[in-house]
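What follows is the residue order along each chain.
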Amino acid sequence: MRKVNLFYIVSILVLSSAFFLRIYNLSSIPPSLNWDEVSIGYNAYSILNTSKDEWGSTVPLSFRDYGDYKLPGYVYLDVPFIAVFGLNEWSVRLPSALLGVGFVILISLILKELTNIHVRSWAIFLTAISPWAIILSRIALEANLALFLTTLGFYLFLLCIKKKSFLIFSAISFGLTIFSYNSSRVVTPLLIIALGFFFWKEIKPFKKIVFTSLFIFLIFFTVALPKALLQDSSARYRWTAILDEGAINRVNELRGSSALPPPLAVVTYNKVTYVVPEILKNYISHFDPRFLFLNGGSNYQFSVPGSGMFYPILAPFLIYGLWIIFRERQKWQIFMIFWLLISIIPAAITRDSPHALRSLMMIVPVIVISAIGLDSFVELFGKRRMFIKLPLIFVLLINLYFFWISYSGEYIKSYSWSWQYGYKEAVDYIKENGGEYDKIFFTKKYGEPHEFLLFYMKYDPQKYRNDPNLVRYFRSDWYWVDGFDKYIFMNDWEVKENVKCQMSNVKCLLVTSPGNYPEGSTLLKTIYFLDGKEAFNIVEI
C-alpha cells in the first residue's frame, strides 16, 4: 500500500511538471507561430464561423491551405479552443500541449497493464522531461495528435483483453490517426498487423468483435485512401520524396558518364539502385547517437541545435534495455521492438533524415525500452538501489534544467528567424496605422504573408473568399496568393522595381526585407529578430 501511495504522489508531481513544461509561456516559446500553425488556426476559425475552410470547402476531410492538403484532425480539434479563447497563439497551441500531458498519462496507463510499477515510474518521468516530447507538445502539430491517438489506440487494445468491447474504441482511435498525420497512413496499419500477430491468442476467443473492429478501421482507411493517393499524401510526398527530379537527373548523369556497356550501365544505375541505398541510409540514421542524444535533427523547429532528442545519459540504458528484452523475450517487449522498427519507415522513405517529426512514433518504444533498462540496472544493486536511483534522477533533472535554459533562452533568441518571427509585429503596426493607406505592399521573403495577415487581423473568412481583389493561383505544386483587399504580396527581388504608388493622391505602405525599398521612401519602423538582426522595414512610399 505504501508503494502504491508513493507512486501516486510521484505521479502527481511528474504530471504537474509535465503540465508546466508544456503550458508555461506557450504563446512565446517557441517565439512565434510558423506558417503551418497560422494556417491551422485560421482554417479552424473559418470552420467555426462559416463551416467552410479558407478555400470555401464545406467541412472538408483535407485542407488545401498552400497546396500541402493538411489532414483535418488538428484543425477540427482546434475549433472549440478558438471558440473559447479566440484566435491567438494560445488557442492554436493549447490542444497540442494538452495532448502532450495526455501522452504522459497514457504511457503510465499502458505500462500499468504490462509491467511493474518501477518501470512505469521511470517511463512517465522520462516522457514528462524528454526534449522530444516537450518540444513537439509546444507546437500545433498534426503529428502530436497522431501520436496521442496511436498511443490511446494501443491502450484501448490492451484493455480489450479484459473487456472485449474496448476493441471497438481501439479501432476508432487507430482510424482517427489516418485523418491526423500522413505518416500514420503507413505506421498504423503495420502496427495493427503486429498487434494481431503478437496478441492473437488473447483476442482469438472473440473473433466477431475482432472482425467488426477491423471493419471499422477499414472504413476509415477506405474513406481516406482516394484522397491519400490523389491529393493529401501525394501532394506532401511530391515535396519530400527521395526520388525527385534531382535524383532522376543524378541517375541519368551516372549512367551517361559510366564506362560500362549501356545495358550494364542501365542495370547498375537506375531508380531502384538509387532509392534502396538511400532508404537504408535514412533508416539507419534514426539510430545515430548524434540524432538521438547529441545534436537532434536538421529542422530547427523540431529540435534544439546542440541538444539530442533524448538526454545523453539515457544511451547506455537504452542499450541495456534492449539486452534485457532479448534476454526475457516477453511478448509485449518484443512488440515494442517491432513498434520501434515500424515507426521509422515514413521518415526513411522521404528526404531530410533523420527527421524528428516523421519518426515521432519511435518515442514510445525508446522511452519504454530505456525505462526497462533503468529499472533493471537499479535492481542490480538490491537494497542499495536508492543510492543509485536518486543520483540518476538528479542527473536527469540537471539535464532537463540545462535543456530548458537553452530552449527557453538562447534557442528562441538565436533561431527566431526560423519561426518567421516578426509577422505579428508587422501586422500589429498595420492594424494600428494601416487605415491611413490605400495600398499595402508586403514582401514574400519569409513565406505566406497573406496567412499571417488573415490570422492576426482575424479577417472575416467569408469576406476573404468573396473579395474581388483576391488573386491566387496554382504553380509549381503550390498555391500562391498575390493579393486581397488592399494588400499586395510580391517576391522580394521584385519589390524595388515594381512597388509604386501610381497616383499622387494614393498613400502606400510597404513591409519589406531590410533595405529593400525604392529610393525616396520614408522608413517608419524596423522590426528585429530576437537576436537583434533586422527582419522587416516598414516604409511609406
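About the thresholds
Residues numbered from 1 in each chain as written. Predicted model: local features only at pLDDT ≥ 70, side-chain atom pairs only at ≥ 80, totals over all residues. Heavy atoms only, no water. Helix = DSSP H or I, 4+ residues; strand = E, 2+ residues; numbered from the N terminus. Rg over C-alpha atoms; globule rule 2.2 N^0.38 Å. Buried < 20%, exposed > 50% of the residue type's maximum accessible area, 1.4 Å probe, protein only. Contact = heavy atoms within 4.5 Å. Areas by Shrake-Rupley, 256 points an atom, 1.4 Å probe, with all protein chains shown as cover. Lys, Arg positive; Asp, Glu negative; His and termini not counted. Charge placed at Lys NZ, Arg CZ, Asp CG, Glu CD. Pairing = 2+ DSSP bridges. Axes fitted to C-alpha atoms, helices over the stretch in contact; angles between N-to-C directions. 1 Å grid on protein atoms, 1.4 Å probe; cavity = no way out; pocket = protein on both sides within 12 Å on 5 of 7 lines; lining within 4 Å. Points joined across faces, edges and corners; volume = space filled by probe spheres on them. Nonpolar A, V, L, I, M, F, W, Y, C, P; charged D, E, K, R; others polar. Disulfide = S-S within 2.5 Å. Expected span 1.5 Å × (residues − 1). Left-handed = near helix turned anticlockwise from the far one by under 90°.

Draft legend 1. Focus on the overall build of the chain. Across its full length, the chain holds 25 helices and seven strands. Relative to its length of 541 residues, the chain is compact, with a C-alpha radius of gyration of 26 Å against a globular reference of 24 Å. By principal-axis analysis of the C-alpha atoms, the chain measures approximately 85 × 65 × 50 Å. Burial status across the chain gives 54% buried among its 541 residues. The long-range fraction of contacts in the chain, counting pairs at least 24 apart against all pairs at least 6 apart in sequence, stands at 72%. Accessible surface computed for the chain: about 24,000 Å², of which carbon and sulfur atoms make up 63%. Mean positive and mean negative side-chain charge positions of the chain (52 and 41 charges, respectively) differ by 13 Å.

Draft legend 2. Geometry of the sheet that holds strand β3 (residues 478-484). Across the sheet, which stays open at both edges, the seven strands sit in the order β2-β3-β4-β1-β5-β7-β6 with mixed pairing between neighbours. Bordering the open sheet on either side are β2 (471-475) and β6 (522-528), each of which pairs with just one other strand. The mean inter-strand angle of the sheet, taken between neighbouring strand axes irrespective of direction, is 20 degrees. Of the strands in this sheet, β1 (439-443), β4 (487-490), β5 (508-512), β6 and β7 (534-540) are in contact with helix α22 (residues 423-433), which crosses β1 at around 175 degrees.

Draft legend 3. Expanded view of the layout of surface pockets. Within this model, the second largest pocket holds a volume of roughly 730 Å³. L6, V10, S121, K389 and I393 are, among the 25 residues lining the second largest pocket, the residues nearest its centre. Where the lining of the second largest pocket is concerned, the elements lending two or more residues are α1 (2-23), α5 (117-129) and α21 (386-414). Tallying contributions element by element places α1 first for the lining of the second largest pocket, with nine residues. Within the lining of the second largest pocket, the residues separate by chemical class into 16 nonpolar, four polar and five charged.

Draft legend 4. Spotlight on the state of the cysteines. Applying the stated criterion across every chain yields a total of one disulfide. Disulfide pairing is shown between C501 and C508; the S-S distance is 1.6 Å.

Draft legend 5. Helix α9 (residues 184-198), seen in detail. The first and last C-alpha atoms of α9 sit 20 Å apart over 15 residues, in line with the 21 Å expected at 1.5 Å per residue. Among all positions in α9, only S184, R185, V187, T188, P189, L191, I192, A194, L195 and F198 are buried.

Draft legend 6. Looking closely at the packing of helix α20 (residues 363-379) against α21. For the pair α20 and α21, interaxial distance at closest approach is 8 Å and the crossing angle is 145 degrees. α21 is crossed by α20, and the crossing has right-handed handedness. Taken together, the residues of α21 that come into contact with α20 (itself represented by L374, F377 and V378) are I388, K389 and L392. Its residues assigned to classes, the contact of α20 with α21 shows five nonpolar, no polar and one charged.

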